[in-house]
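Read off the chains here:
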Amino acid sequence: MKPVALRRALLPALAVLFSVPATAQLSVDVTGQIENDLRIAIPAMPTQQKVDTPAGATDLLGQKIAEVIAADLQGSGLFAPIGPAGVPRPTMPEVTNPTFERWSGMNAEALVQGFVRSSGGDAQITVGCYLYDVALKSELTRQGYVVAPRDWRRAAHRCADLIYSRLTGESPFFDSRIAYIAETGPKDNRVKRLAIMDSDGANHRFITNGQSLALTPRWSPDYKSIAYVSYVGKTVRIYIYDVDQGRQRAIFETNNAVFAPRWSPDGRTLLFSQASGGNTDIFKIPATGGTPVRLTNTPGINVGGSFSPDGTKIVFESDRSGGQQIYVMNADGTDQRRISFGGGRYATPEWSPRGDLIAFTKMAGNFRIGVMSPSGGGERLLTNGWQDEAPTWSPNGRVLQFFRTSEGRSGKSSIWQVDLTGVNERHISTPVDGSDPSWGPLLQ
């Protein structure tokens, strides 16, 4: 494997910082196709004393946390976990003094060990996470997390984020959430509800009851709210749903078709598209509500709108040239220019949180997910499904989620993700069909 620059990514709060020894040079390449995934041993975590918590006994949590870490790392397409099933659980003294010969005998290149500790009842649990280079018999990094028992999965995701960051040099993304549209019913009469879940599909929750049609959700930059479009009869509203409060408020209402609200990076403004008088144009409106400002005014359909990370540019789709293509404009609507020239039609552009790429849906026979530079160069297609569309970026800008619709009369839709190599695809399980995913920022 080609090494990448090793740079430590700062993890969010909820952590008890441990001292970290000098690092070795074990690393993983995320920039190209990997011939052999890094073999990483992940045994179940021991506990100093078995104690019952509302989420289960600490020994059981040690098993479950290791399982989540292994699933996260395997799902990234870069790692080949060994365990936790079928490998011995280390003792507490071995957590900080591993038996490296055991793991080298399994051909493990890296080792993740840890522990779970609690005083019982509703008291918080402490999860220790340690990463070792097996060949060099050295510790690479360690971190501790203190969480409520119900948040044990978050501790697992944070441990996986720590490992991913240390071994790839990239920012983490496992401890994040997805908003999406949960779909049920026949193809010609779908019930569409707003739902949220963890990045791996766990902790699923329906937000709306399906009495109104919910579409195109997007997380706010501060993770407190979700903007989405709701249709009830001829009335169309843009709602902002407060996740913690469980309440929502309408910031715009019309009888015209409305599409795709999108947040500005500072969370103060929303873009949306509205059809009126035979045209569809892009508007912006304060997140508190108010009078929309039109940003496009050309014959045809202008849809989408996604801010660049610095808030100075907007990427959108338009058919003003005769077919759907990708355009970029300044945030005030000036200097509108086409950037897609690769043949076929282009839709649903979204700017990477890193600012280096724009993701899109390309329609040329089938629907595929692709990326290009903000100037339109370097176009690459990452998927080859029958109908893949509506990409949304991971917080670190290295993975895309999208939804895939199956062929045939059923038209089943499901959530998938793919990394920028185009090699590592993963299906995200949901209780019902899923579409229009929105990947939120890293949790704080």
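Refer to the preceding data block for the structure.
Fair warning: this is a prediction, and the values are worked out from it, not measured in the lab. (Residues numbered from 1 in each chain as written. Predicted model: local features only at pLDDT ≥ 70, side-chain atom pairs only at ≥ 80, totals over all residues. Heavy atoms only, no water.)

## What to know about the overall build of the chain
Phase 1: Scanning the chain from terminus to terminus reveals four helices and 30 strands.
Phase 2: Over its C-alpha trace the chain gives a radius of gyration of 23 Å, about what one expects of a compact globule, namely 22 Å for 444 residues.
Phase 3: Dimensions of the chain, computed from C-alpha atoms along their principal axes, come out at roughly 70 × 45 × 40 Å.
Phase 4: Within the chain, the proportion of its 444 residues that are buried is 56%. (Helix = DSSP H or I, 4+ residues; strand = E, 2+ residues; numbered from the N terminus. Rg over C-alpha atoms; globule rule 2.2 N^0.38 Å. Buried < 20%, exposed > 50% of the residue type's maximum accessible area, 1.4 Å probe, protein only.)

## Observations regarding the sheet that holds strand 20 (residues 325-330)
Phase 1: Strand order in the open sheet formed by four strands is 18-19-20-21, with antiparallel pairing between adjacent strands. On the outer flanks of this sheet lie strand 18 (302-307) and strand 21 (337-338), each paired with one strand and no other.
Phase 2: Looking at chain direction, strand 19 (residues 313-318) and strand 20 are connected through six bridges and run antiparallel. Residue E317 lies in a different strand from strand 20, and its bridge partner there is I326. (Pairing = 2+ DSSP bridges.)

## Focus: the pattern of salt bridges
Phase 1: Following the criterion strictly, the structure yields 19 salt bridges and no others.
Phase 2: Between E139 and R142 there is a salt bridge; the shortest N-O distance is 2.6 Å.
Phase 3: For E139, a relative accessible area of 10% corresponds to the buried category.
Phase 4: Note that R237 is salt-bridged to E253, the shortest N-O span being 3.0 Å. With R237 in strand 12 (residues 235-242) and E253 in strand 13 (residues 247-254), the pair connects residues that are 16 residues apart, well separated along the chain.
Phase 5: Linked by salt bridges that have partners in common, E183, R190, K192, K412 and D433 make up one network. (Salt bridge = Lys/Arg side-chain N within 4 Å of Asp/Glu carboxyl O.)

## Thoughts on the sheet that holds strand 28 (residues 413-419)
Phase 1: Taken together, four strands build an open sheet; the order of strands is 26-27-28-29 and the sheet is antiparallel. Each edge of the sheet is formed by a strand with only one pairing partner; in this case those strands are strand 26 (388-393) and strand 29 (425-428). For this sheet the average axis-to-axis angle between neighbouring strands, irrespective of direction, equals 30°.
Phase 2: As paired strands, strand 28 and strand 29 are joined by four bridges and run antiparallel to one another. Among the inter-strand pairings, V418 is bridged to a residue of strand 29, identified as E425. (Axes fitted to C-alpha atoms, helices over the stretch in contact; angles between N-to-C directions.)

## Comments concerning the pairing of strand 19
Phase 1: Of all six residues in strand 19, five are buried; the element is thus mostly enclosed.
Phase 2: Pairing of strand 18 with strand 19 involves four bridges; the strand directions are antiparallel. By the bridge assignment for strand 19, V303 is matched with E317.
Phase 3: Here strand 18 hands over to strand 19 after five residues, with G311 in that stretch at a positive phi of 80°.
Phase 4: Linking strand 19 back to strand 20 in an antiparallel pair, the connection comprises six residues, with G322 at a positive phi of about 115°.

## A closer look at the side chain of S318
Phase 1: Topologically, S318 is positioned in strand 19.
Phase 2: Within the local environment of S318, its side chain forms a polar contact with the side chain of N302, the two groups lying 2.8 Å apart.
Phase 3: Setting aside its immediate chain neighbours within four residues, S318 contacts I301, N302, G323, Q324, Q325 and Y327. (Polar contact = N/O pair within 3.5 Å; in protein donor to acceptor, adjacent residues only side chain to side chain. Contact = heavy atoms within 4.5 Å.)

## Thoughts on the nonpolar core
Phase 1: Judged by nonpolar contacts, the single largest core of 46 residues is most densely connected at I40, I69, L73 and I163.
Phase 2: The biggest single contributor to this core is helix 4 (residues 152-168), with nine residues.
Phase 3: What L73 contacts, discounting residues up to four positions off in sequence, is I40, I42, L78, F79, A160, I163, Y164 and F174.
Phase 4: If you look at the next biggest cluster of nonpolar residues, it comprises 15 residues, including Y231, I240, I251 and F252. (Core = buried A, V, L, I, M, F, W, Y, C linked by side-chain atoms within 4.5 Å.)

## A look at the packing of helix 1 (residues 58-75) against helix 4
Phase 1: Interhelical geometry of helix 1 versus helix 4 gives an angle of 45° and a closest axis separation of 9 Å. Taken together, the axes of helix 1 and helix 4 are oblique relative to one another. The crossing of helix 1 and helix 4 is right-handed. Of helix 4, the residues touching helix 1 (which contributes L61, K64, I65, V68, I69, D72 and L73) are W152, R153, A156, H157, C159, A160, I163 and Y164. (Parallel < 35°, antiparallel > 145°, perpendicular 65-115°, else oblique. Left-handed = near helix turned anticlockwise from the far one by under 90°.)

## Here's the deal with the environment of V418
Phase 1: Looking at where V418 falls in the secondary structure, it is placed in strand 28.
Phase 2: Residue V418 is classed as buried on the basis of its relative accessible area, which comes to 0%.
Phase 3: Note: C-alpha distance between V418 and T383 (35 residues apart in sequence) is 7.6 Å.
Phase 4: The residues contacting V418, other than those within four sequence positions of it, are L382, T383, V399, L400, F402, N424 and E425.

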